[in-house]
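# Fold and contact review
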Number of protein chains: 2
Amino acid sequence: MAELCRKHPERFPTFAAALCMTDVEGSIAEARRAIKDLGARGVLIYTDVAGEPLDLPKFDPLFAAVAELDAVVWLHPARTAAVTDYKSEAKSRYELWWCLGWPYDTSVAMIRMVFCGLFDRYPKLKVITHHLGGMIPYYDGRVGPGLKVLGARTADEDYSKVLLSLKRPHMDYMHDFYGDTAMFGGGAHALRCGLEFFGVGHVVFATDAPLGPIPPTIKAIEQLELTPDARRQIFVGNAETLLNMKF
Amino acid sequence: MAELCRKHPERFPTFAAALCMTDVEGSIAEARRAIKDLGARGVLIYTDVAGEPLDLPKFDPLFAAVAELDAVVWLHPARTAAVTDYKSEAKSRYELWWCLGWPYDTSVAMIRMVFCGLFDRYPKLKVITHHLGGMIPYYDGRVGPGLKVLGARTADEDYSKVLLSLKRPHMDYMHDFYGDTAMFGGGAHALRCGLEFFGVGHVVFATDAPLGPIPPTIKAIEQLELTPDARRQIFVGNAETLLNMKF
């Protein structure tokens, strides 16, 4: 990746380091090497580490290192068809693990990162979520007021301290994530929903490229009622700020 | 329920019959009895029948009967904490099975009902989805263009005939569902997103009551840029048409 960026700097201005999170110490070393020596501006991690959630204490040192390096976390889902949608079936059918399971997993990871106090420990940690923040913008009612009564639906575990352990209302942190416009060519109504949730300063374009279809995304962004400044922010300005680069 | 409606007709104008879908024949008999003899206008079913999906051929006669009775299907999710979010954990933590799992399950059921040709067989079948259509409005890009290449991500099952077996483009059917405004007090941006997806004629209010918080939902609807006619449609007119009643 570093070599590609060196060869074609006008096309590939920087990259994110892929980490193998089953080795936390190795991941930290690789993050340092990629960012300090090779010019990466962030790290790519998945919402699930070999079946384990990101809020386990053992992953904390990685986030500490990324925050200290002032780098960006690219958070991407990783579910496969092996996660079934019905007990009677051995796998998720019709590619719904991809279609819906990915945004679901992103949302679960986001909430759990917040609930474990990660953003209180590392307030400057910047996390880009793909697919415009998973289900959080559309379901801010369920995540906000719905989880404000956390514990009311649970008898076998005490959740009464979770929200109290956070410095701010839990929903505040959800707005601090960044959302990528990679909505796979959906309508402007969906982009507008995510944009209103995150705000113009927290929506980024094509950080999930080249996997999403880019032309329909550009078209959908251009359909939004945005000032030229706001449009530039989404297309490039926010990425410049996040990555501390000029494009 | 019928007795309650008889006693307080101004407060409870009608009801939906609860069915026990593990007994399909019994469910059909109960639907007929409730609708023909007791004044129900529809049936409540869950997105998952004891671990099985609704697109199994054995459930088809129930949908045939409901369509023939010109009644409405209330489709509600049913997942519990037993569906874990991470392989390393025995259950879904922090009530995310409720917060996010419910809309996920609704979305999966909707897509599978469409893919099995249900709405080609019973074109007049009317289905109300709670929580404003699950993830479908926000992720219409993933469901629409994303599943248009159904099969491209799958090696062990042949999906090449699924979309071809449908009379219309698969996304058309998704807009035919009705969405309830039960968004748990979320912002107007989310309601607006669902409303733009389904259209004013397919959004209904309080069919999921009394479980969602009603006052914030009313407030959010009133924040939308709607004509008085459109607002009346959402609050009551669409329900009148759907249920064939005057309120």
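Structure: see above.
Okay, so let's go over this structure. (Residues numbered from 1 in each chain as written. Chains lettered and ligands numbered in written order. Predicted model: local features only at pLDDT ≥ 70, side-chain atom pairs only at ≥ 80, totals over all residues. Heavy atoms only, no water.)

## Regarding the relation of the copies chain B and chain A
Laying chain B over chain A is done by rotating through 180 degrees and shifting 0.0 Å along the axis; what remains is an RMSD of 0.0 Å. Here the two chains are linked by the operation of a two-fold rotation axis. By residue overlap, the copies meet face to face through one surface: 100% of the interface positions of chain B are interface positions in chain A. (Least-squares fit on C-alpha atoms with pLDDT ≥ 70 in both. Contact = heavy atoms within 4.5 Å.)

## Considering the pattern of salt bridges
Counted according to the given criterion, the structure contains 36 salt bridges over all chains. Two residues, A:Glu157 and B:Arg93, come together in a salt bridge whose shortest N-O distance is 2.5 Å. Pair noted here: A:Glu157 is in the loop between α7 (145-148) and α8 (170-174) and B:Arg93 is in the loop between β5 (72-76) and α4 (96-115), and the two residues belong to different chains. The partly exposed category is assigned to A:Glu157, whose relative accessible area is 25%. With a shortest N-O distance of 2.9 Å, B:Glu30 and B:Arg33 are connected by a salt bridge. Within this pair, B:Glu30 and its partner B:Arg33 are both found in helix α2 (residues 24-37), separated by three residues, close to a single helical turn. (Salt bridge = Lys/Arg side-chain N within 4 Å of Asp/Glu carboxyl O. Helix = DSSP H or I, 4+ residues; strand = E, 2+ residues; numbered from the N terminus. Buried < 20%, exposed > 50% of the residue type's maximum accessible area, 1.4 Å probe, protein only.)

## Notes on the sheet that holds strand β5 (residues 178-180) of chain A
Residue and element names in this part refer to chain A. Taken together, the six strands give an open sheet; going across it, the order is β1-β2-β3-β4-β5-β6, and neighbouring strands pair in parallel fashion. Only two strands of the sheet have a single partner each, and these edge strands are β1 (16-18) and β6 (203-204). Relative to strand β3 (residues 72-76), strand β2 (residues 42-46) runs parallel, the two being bridged by five bridges. What sits directly across from Leu-44, in β3, is Trp-74. Docked against the sheet, helix α4 (residues 96-115) engages β3 and β4 (126-129), running at close to 135 degrees with respect to β3. (Pairing = 2+ DSSP bridges. Axes fitted to C-alpha atoms, helices over the stretch in contact; angles between N-to-C directions.)

## Notes on unusual backbone geometry
Most of the time, phi is negative for any residue but glycine, and the peptide bond is trans. Its identity is not glycine, yet A:Ala206 carries a phi of approximately 65 degrees, on the positive side. Phi is positive for B:Tyr94, which is not a glycine, with a value near 60 degrees. Inspection of the secondary structure puts B:Tyr94 in the loop between β5 and α4.

## Considering the packing of helix α9 (residues 188-198) of chain A against helix α10 (residues 214-223) of chain A
All names here are of chain A. Remark: α9 packs on α10, axes separated minimally by 9 Å, with the N-to-C direction vectors making an angle of 70 degrees. The angle between α9 and α10 places the two elements in the roughly perpendicular class. Between α9 and α10 lies a crossing of right-handed hand. Contact with α9, carried on its side by Ala-188, Leu-191 and Arg-192, involves Thr-217, Ala-220, Ile-221 and Gln-223 of α10 and no other residues of that element. (Parallel < 35°, antiparallel > 145°, perpendicular 65-115°, else oblique. Left-handed = near helix turned anticlockwise from the far one by under 90°.)

## Re the packing of aromatic side chains
All names here are of chain A. Taken as a whole and judged by the stated rule, the model has 20 aromatic pairs over all chains. Between Trp-97 and Trp-102, the aromatic rings sit 6.2 Å apart at their centres with planes inclined by 70 degrees, giving edge-to-face as the arrangement. Classification of Trp-97 as buried rests on a relative accessible area of 12%. The exposure class of Trp-102 is buried, given its relative accessible area of 17%. Centre to centre, the rings of Phe-197 and Phe-198 are 5.0 Å apart; their planes meet at 85 degrees, and the pair counts as edge-to-face. The same class applies to Phe-197 and to Phe-198, which are both buried. Three or more aromatic residues joined by ring pairs make a cluster, and in this case those are Trp-97, Trp-98, Trp-102 and Phe-184. (Phe/Tyr/Trp six-rings, centres within 6.5 Å; stacked < 30°, edge-to-face > 60°.)

## A few points about helix α2 (residues 24-37) of chain A
Residue and element names in this part refer to chain A. Under the 1.5 Å per step criterion, the end-to-end length of α2 is 19 Å for 14 residues, consistent within 8% with the ideal 20 Å. All of the buried residues along α2 are Val-24, Ser-27, Ile-28, Ala-31, Ala-34 and Ile-35. Taken down its axis, α2 places every buried residue within 135 degrees of arc, on the same side. For α2, the exposed residues set more than 90 degrees away from the buried face come down to Glu-25, Lys-36 and Asp-37. Elements in contact with the buried residues of α2: β1, β2 and α3 (60-68). Positive phi appears at Gly-39, one or two residues downstream of α2, with a value of about 90 degrees. (Expected span 1.5 Å × (residues − 1). Arc of directions from axis to C-beta.)

## Remarks on the sheet that holds strand β1 (residues 16-18) of chain B
All names here are of chain B. One open sheet accounts for six strands, arranged β1-β2-β5-β6-β7-β8; its pairing is parallel. Two strands lie at the open edges of the sheet, namely β1 and β8 (203-204), each paired on one side alone. Pairing between β5 and strand β6 (residues 126-129): four bridges, direction parallel. Bridge pairing in β6 links Val-72 to Lys-126.

## What about the environment of B:Ile35?
Residue and element names in this part refer to chain B. Relative to the helices and strands, Ile-35 resides in helix α2. As for Ile-35 and Val-66, which are separated by 31 residues in sequence, their C-alpha atoms are 9.4 Å apart. Residues in contact with Ile-35, not counting those within four places in the same chain, are Ala-40, Gly-42, Val-43, Leu-69 and Ala-71.

## Some points on α3(A)
Residues and elements named next belong to chain A. Taken residue by residue, α3 has Asp-60, Leu-62, Phe-63, Ala-65 and Val-66 as its buried positions. Buried residues along α3 sit against α2, β2, β3, α4 and α5 (118-121). Phi for Asp-70, located one or two positions after α3, is positive at around 55 degrees.

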